[in-house]
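The lines below spell out each chain.
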Amino acid sequence: MDRIDVLVVGSGFGGSVAALRLAEKGYRVTVLEAGRRFADTDLASGPWQLHRVLWAPRIGMRGIIRVRVRRRLIVLTGIGVGGGSLAYAGVHYRPDPEVFQAAGWDRSVDWSSELDPWFARAEQMLGTTTVPDLSPGDQALRRTANALGAVETFHPTRVGIDFSSCTLCGHCTTGCRTGAKNTLAKNYLRLAGQVGARVHPLAEVTKLRPRSDGWDVYTRDRVWHAKHVVLAAGAWGTTELLRRSALPGLSPALGTRMCTNGERLYVTRAKVGDGVAISSAFRPDAATTVQLCRIGPGQIAFLNAMARDDHLVSHYGRVTVKFMEQIGSRAWAALPVTGHPLGGCPLGTNPATSVADLRHRVHGYPTLHIADGSTIPHNLGVNPALTITAMAERAFAMWEDA
Ligand SMILES: Cc1cc2nc3c(=O)[nH]c(=O)nc-3n(C[C@H](O)[C@H](O)[C@H](O)COP(=O)(O)OP(=O)(O)OC[C@H]3O[C@@H](n4cnc5c(N)ncnc54)[C@H](O)[C@@H]3O)c2cc1C
């Protein structure tokens, strides 16, 4: 059996960065991914092809989004080779510097300046660009911002989409079939494969066991051995896997600092015009971002709101009503949905309050590493994928060559 230096659990943002950067440093890297591998043409033509959108294999659904319902909250996460990038809208934000002053961020690092170069690298790798044209829906959002006295904050979004091949079909979140969305399979994972990393789809890890020379990692039909393990199964997946593995001496902070990024969805039926899934945004106050989203061409639109603090969500209703006036629609529904579960494994120097150290190594287990949304301890108030990518770039840059 081939020797594995580093076994990465999950092929989303954190896992893909791990695969590329560690393979570049000469480690033999294997990635285990719970979901399928998709060609662009395997993806759904639209939301009506539910069996290609959702992941529930017991009832024949083998798509890209896993749905969990907990305490009246619906949590959506990406699944498949490329993780959340398969279903994400491709929106990239750098959070405000004040975000890193919130509870949970270890104060011994100046995260804002420390992450600055890694944000730049993440944007370059993910192909960030600005949405070039505004649709009628975007114009309505701009008028909404104006009516609420915040027009100077209105902006077209920054996205990882190649507009030379994008057809503006609006199906980014049910799967981009044109190849225009820069999923991780097209950047980090492709490059990781070129330097020797291997990705195994349909390999869900069920538990980990430490051994004298590294780790035993269990999937349904195999036990894998590796010197190092990188947990990159997402905030939910990594926290759950650590709980299930019941490693002695893990920090009591495991499972703390979990949050939803203050996310709320307001769905409406209105003509918003063609465009990418999330095409513009504004900020009704300094801590809140409201984005215009669409599924497919034009008719189903929703406002996605995120807040740095959960108590700020109350005024979203007011924003939605104003938007309805501008777009000429009356029907809408508020949905308790998030696609941004975060936290569960905060980083820090104190094992009583953090699961892993500032180099992302689990306290007490120096060959066990965490690189995903579980290390973000507080709402960012903006879409998190770029921050997860930047944090992972920072973490793996600190590894020695193999
Ligand atoms: C519909 C939708 C749209 C979104 N749009 C945006 C957006 O535009 N911009 C943005 O910033 N964010 C967006 N997000 C959120 C973004 O996708 C996540 O924040 C991001 O993917 C999290 O990255 P991660 O590295 O933590 O884990 P993920 O990208 O979620 O990757 C984790 C991977 O681990 C795998 N896994 C889990 N458990 C196991 C296991 N036990 N064994 C093996 N593999 C496992 C999963 O299948 C998954 O592939 C969106 C989310 C959704 C659902």
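Heads up: the structure comes first, above all this text.
Remember, it's a predicted structure, so these values are computed and weren't measured experimentally. (Residues numbered from 1 in each chain as written. Predicted model: local features only at pLDDT ≥ 70, side-chain atom pairs only at ≥ 80, totals over all residues. Heavy atoms only, no water.)

A. Structural detail: the side chain of Thr-183. Structurally, the position occupied by Thr-183 is in the loop between β9 (158–159) and α5 (188–194). For Thr-183, a relative accessible area of 8% puts it in the buried group. With residues up to four places along the chain from it excluded, the contact list for Thr-183 reads Ser-85 and Leu-86. (Helix = DSSP H or I, 4+ residues; strand = E, 2+ residues; numbered from the N terminus. Buried < 20%, exposed > 50% of the residue type's maximum accessible area, 1.4 Å probe, protein only. Contact = heavy atoms within 4.5 Å.)

B. Representation of the side chain of Ser-245. Mapped onto the secondary structure, Ser-245 falls in helix α6 (residues 234–245). Given the relative accessible area of 1%, Ser-245 is considered buried. A polar contact of 3.0 Å, which involves the side chain of Ser-245, links it to the backbone nitrogen of Leu-208. Ser-245 has contacts with Lys-207, Leu-208 and Arg-209, leaving out every residue within four places of it along the chain. (Polar contact = N/O pair within 3.5 Å; in protein donor to acceptor, adjacent residues only side chain to side chain.)

C. Geometry of the pattern of salt bridges. Applying the stated criterion across every chain yields a total of 17 salt bridges. In this structure, the salt-bridge partner of Glu-393 is Arg-121, at a minimum N-O distance of 3.5 Å. Of this pair, Glu-393 sits in helix α8 (residues 385–397) while Arg-121 sits in helix α3 (residues 111–126), and the two are 272 residues apart along the sequence. Taking the relative accessible area as the measure of exposure, Glu-393 reaches 1% and is therefore buried. Between Arg-211 and Asp-213 there is a salt bridge, with the nearest N and O atoms lying 2.7 Å from each other. Residue classification places Arg-211 among the partly exposed residues on the basis of a relative accessible area of 34%. You can call Asp-213 partly exposed: its relative accessible area is 44%. The network of salt bridges with shared partners includes Arg-21, Glu-24, Arg-121 and Glu-393. (Salt bridge = Lys/Arg side-chain N within 4 Å of Asp/Glu carboxyl O.)

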